[in-house]
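Okay, here's what each chain looks like letter by letter:
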Amino acid sequence: MGSPGLANLLADTGDDQARQWLWGGPENAIDAALLIYADSEPTLSSYAKDLISGIDAAGGQVIHRVTPTPLPRPTPGETAAQTVREPFGFADGISQPVIKGTRRWMRRSDTIHAVEPGEFLLGYPDTRGFFPPSPQVPAAMDPGNLLPLAEPTHSRGALQPDFGSNCAAAARDLGRNGTFLVIRQLAQYVDVFNDYVGEAAKRYADHPAVPDQLDPELLPEWIGAKMVGRWKDGSSLVRYPHGPATRKQSGGHFRPDNDFLPGAEDPLGERCPLGAHIRRSNPRDSLAPASKVELSIVNRHRILRIGRGFDAVGANDPKEQKPGLLFMCLNADIERQFEFVQQTWATAWQFHGLENEVDPITGRGGGMGRLTIPSPRGPLNLTGIRDFVRMRGGAYLFVPSRSAVWFLARLSSNGR
């Protein structure tokens, strides 16, 4: 993660460079990440104590800990996306791919987000019928046949062994039913973000691009929503351009909308700017309105993402005592998925016809960031966008299947 080539690709430069990370850099590399979940604080503490004792006994060392804030319990009728907020105050975890074969897919909900299991799970065909590259081991290392036979990664085919060859000597698939995990610990400058949207609201209060229907009290949130692409309650700008859905809805529970097509419904970005965070992270049909082919191409770069917020204490960061987000995502091909989104969409200075703009939320413009907000009465150009997010640690990790865990445990017990 700390190599110069990868640093430039991910925009991990300046004060984001790996040498300044708390963990995962060249001077504090890690071998594994331990993610512990529990339904109560006592249970979590007990699990953590036992597991860390085992690490210490095996000669390992915990070099860094992040303690996310506990997840709120949604009230009846609410979704997690309505209750989970990232540190800037926006509903988080709304847009996720729908994996074919799951219950969510069988309900035929959000079909524009449907992807094949092989986009996230090794050993299965992806959207184009190919098998993502998977780590393999020689047959001699698996005398107990704990691992399945390796499948071809370069051509279409069914999940069946090749009976025309000697299976006993065939390579074993260490990766099947596993995946790859990207973790990035991000510090978020909430005070800087709030100051910026507040100052921008005063500066542009009389700008023609500000809609007449907008409540003046909402102007700071409107500026922030234009940068993110959603209101804080999770409702999209595409469907709700003049105010959050929850301000208009009386009674019942609002579920954040995610079935919109920005290319077909908002081709010029007059509702959700072309350079907004969610439109950069997932352009959907922006380049070819309502095109199923375009959606299929874009979905090849989707990630299965989760963000867990933490406060300044939970960051365990002596230099940046700020709240932040523990960004985590699963993907079968890190280069085609996470790295593509980061390099080609989020941090690209030229994107969708825009020039000299980066992601207004996660991009690192060094105070020179900008965002074009189109409107029928002329564009509003947000300038002087500051850096709101800083990289504090990260790693690429392999998540093994249960059979692979048994295989690795047997190797360890045999002293290999």
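Source: prediction; values computed, not measured. (Residues numbered from 1 in each chain as written. Predicted model: local features only at pLDDT ≥ 70, side-chain atom pairs only at ≥ 80, totals over all residues. Heavy atoms only, no water.)

### Let's talk about the environment of P148
Point 1. If you trace the backbone, P148 turns up in the loop between β3 (136-137) and β4 (172-173).
Point 2. In this structure, the C-alpha to C-alpha distance between P148 and A290, residues 142 residues apart in sequence, is 41 Å. (Helix = DSSP H or I, 4+ residues; strand = E, 2+ residues; numbered from the N terminus.)

### Let's talk about the confidence of the model for the chain
Point 1. Counting all residues, the mean pLDDT for the chain is 90, and 91% of those residues have values of 70 or more.
Point 2. Put simply, helix α3 (residues 80-83) is where the chain has its lowest mean pLDDT, 61, and helix α6 (residues 219-228) is where it has its highest, 98.
Point 3. Here residues 154-159 is modelled with pLDDT under 50, and outside its nearest four sequence neighbours on either side it reaches 16 contacts, counting other chains as well. (pLDDT = per-residue confidence, 0-100. Contact = heavy atoms within 4.5 Å.)

### Here we look at the nonpolar core
Point 1. Within the largest apolar cluster, 48 residues are counted, with the highest numbers of intra-cluster contacts made by W222, M227 and L382.
Point 2. Among the elements of the structure, α1 (4-10), β5 (179-188), α5 (190-203), α6, β7 (324-331), β10 (369-373), β11 (380-385) and β12 (389-399) are those that each provide at least two residues to this core.
Point 3. Beyond its immediate stretch of four places on either side in the chain, L382 contacts Y196, A200, Y204, I223, M227, G369, R370, L371 and I373. (Core = buried A, V, L, I, M, F, W, Y, C linked by side-chain atoms within 4.5 Å. Buried < 20%, exposed > 50% of the residue type's maximum accessible area, 1.4 Å probe, protein only.)

### Some details on the side chain of D257
Point 1. Tracing the sequence through the fold places D257 in the loop between α7 (245-248) and α8 (262-265).
Point 2. An unpaired buried charge is present at D257: no salt bridge exists, and R230, the closest side chain of opposite charge, is 4.4 Å distant.
Point 3. A distance of 2.5 Å separates a polar atom in the side chain of D257 from a polar atom in the side chain of S236.
Point 4. The contact partners of D257, leaving out residues within four places of it in the chain, are I94, R230, G234, S235, S236, R239 and Y240. (Lys, Arg positive; Asp, Glu negative; His and termini not counted. Salt bridge = Lys/Arg side-chain N within 4 Å of Asp/Glu carboxyl O. Polar contact = N/O pair within 3.5 Å; in protein donor to acceptor, adjacent residues only side chain to side chain.)

### Re helix α10 (residues 292-299)
Point 1. Of all the residues in α10, the buried ones are E294, L295, V298 and N299. Relative to the axis of α10, the buried residues are bounded by an arc of 135° and lie together on one face. In α10, the exposed positions that point more than 90 degrees away from the buried face belong to K292 and V293.
Point 2. Residues of α10 that are buried in the fold lie against β2 (114-115) and α11 (335-346).
Point 3. For α10, the capping residue at the N-terminal end is S291, with a side-chain oxygen 3.3 Å from the backbone nitrogen of V293. (Arc of directions from axis to C-beta.)

### A look at the side chain of R302
Point 1. If you trace the backbone, R302 turns up in the loop between α10 and β6 (304-310).
Point 2. Within the structure, R302 has its side chain in polar contact with the side chain of H113 (distance 3.1 Å).
Point 3. Here the side chain of R302 touches N299 through a polar contact of 3.3 Å, side chain to side chain.
Point 4. Those residues in contact with R302 that sit more than four places away from it in its chain are S95, Q96, P97, H113, F120, N282 and Q337.

### Regarding the packing of α5 against α6
Point 1. Running from N to C, α5 and α6 cross one another at 115°; their axes reach a closest spacing of 8 Å. By the angle class used here, α5 and α6 are roughly perpendicular. The chirality of how α5 crosses α6 is right-handed. Facing F193, Y196, V197, A200 and A201 of α5, the residues of α6 in contact are L219, P220, I223, G224 and M227.
Point 2. Considered class by class, the residues forming the contact of α5 with α6 number nine nonpolar, one polar and no charged. (Axes fitted to C-alpha atoms, helices over the stretch in contact; angles between N-to-C directions. Parallel < 35°, antiparallel > 145°, perpendicular 65-115°, else oblique. Left-handed = near helix turned anticlockwise from the far one by under 90°. Nonpolar A, V, L, I, M, F, W, Y, C, P; charged D, E, K, R; others polar.)

### Some remarks on the packing of aromatic side chains
Point 1. Applying the stated criterion across every chain, the model contains nine aromatic pairs.
Point 2. Ring geometry for F90 against F193: centres 6.3 Å apart, planes inclined by 75°, an arrangement best described as edge-to-face. One end of the pair, F90, is in the loop between α3 and β1 (98-99); the other, F193, is in helix α5, with 103 residues separating them in the sequence. F193 shares its class with F90; the two are buried.
Point 3. Taken together, a centroid distance of 5.9 Å and an interplanar angle of 40° make the contact between F327 and F338 tilted. A residue pair is termed long-range when its members are at least 10 positions apart, and F327 in strand β7 and F338 in helix α11 qualify at eleven residues.
Point 4. Take F327: its relative accessible area is 12%, and that puts it in the buried class.
Point 5. For F338, a relative accessible area of 4% translates into the label buried.
Point 6. Grouping aromatic residues by their ring pairs yields a cluster made of F88, F90, F193, Y196 and F388.
Point 7. Over the ring of Y124 we find R176; its NZ or CZ atom is 5.2 Å from the centre of that ring.
Point 8. In this structure, R284 packs its charged tip against the face of F260, placed 4.0 Å from the ring centre. (Phe/Tyr/Trp six-rings, centres within 6.5 Å; stacked < 30°, edge-to-face > 60°. Lys NZ or Arg CZ within 6 Å of the ring centre and 35° of its normal.)

### Overview of the sheet that holds β7
Point 1. Read across the open sheet, the four strands follow the order β6-β7-β5-β12; overall the sheet is antiparallel. The sheet is open, and its two edges are formed by β6 and β12, each paired on a single side. Neighbour-to-neighbour, the strand axes of the sheet open up by a mean angle of 15°, direction not taken into account.
Point 2. Taken together, the eight bridges between β5 and β7 define a ladder with antiparallel strand orientation. When the bridges of β7 are listed, A187 appears paired with G324.
Point 3. Sitting on the sheet, α11 touches β5, β7 and β12, and the angle it makes with β7 is about 130°. (Pairing = 2+ DSSP bridges.)

### Structural notes on the pattern of salt bridges
When the charged atoms of two side chains with opposite charge come close together, those side chains can pair.
Point 1. Here the structure, examined in full by the defined rule, presents 21 salt bridges.
Point 2. For the salt bridge of D191 with K322, the shortest nitrogen-to-oxygen distance reads 3.3 Å. Note that D191 is positioned in helix α5 and K322 in the loop between β6 and β7, a separation of 131 residues in sequence.
Point 3. Its relative accessible area of 22% is what places K322 among the partly exposed residues.
Point 4. Salt bridges here are not isolated pairs; linked through shared partners, they connect E119, D126, R300, D333 and R336.

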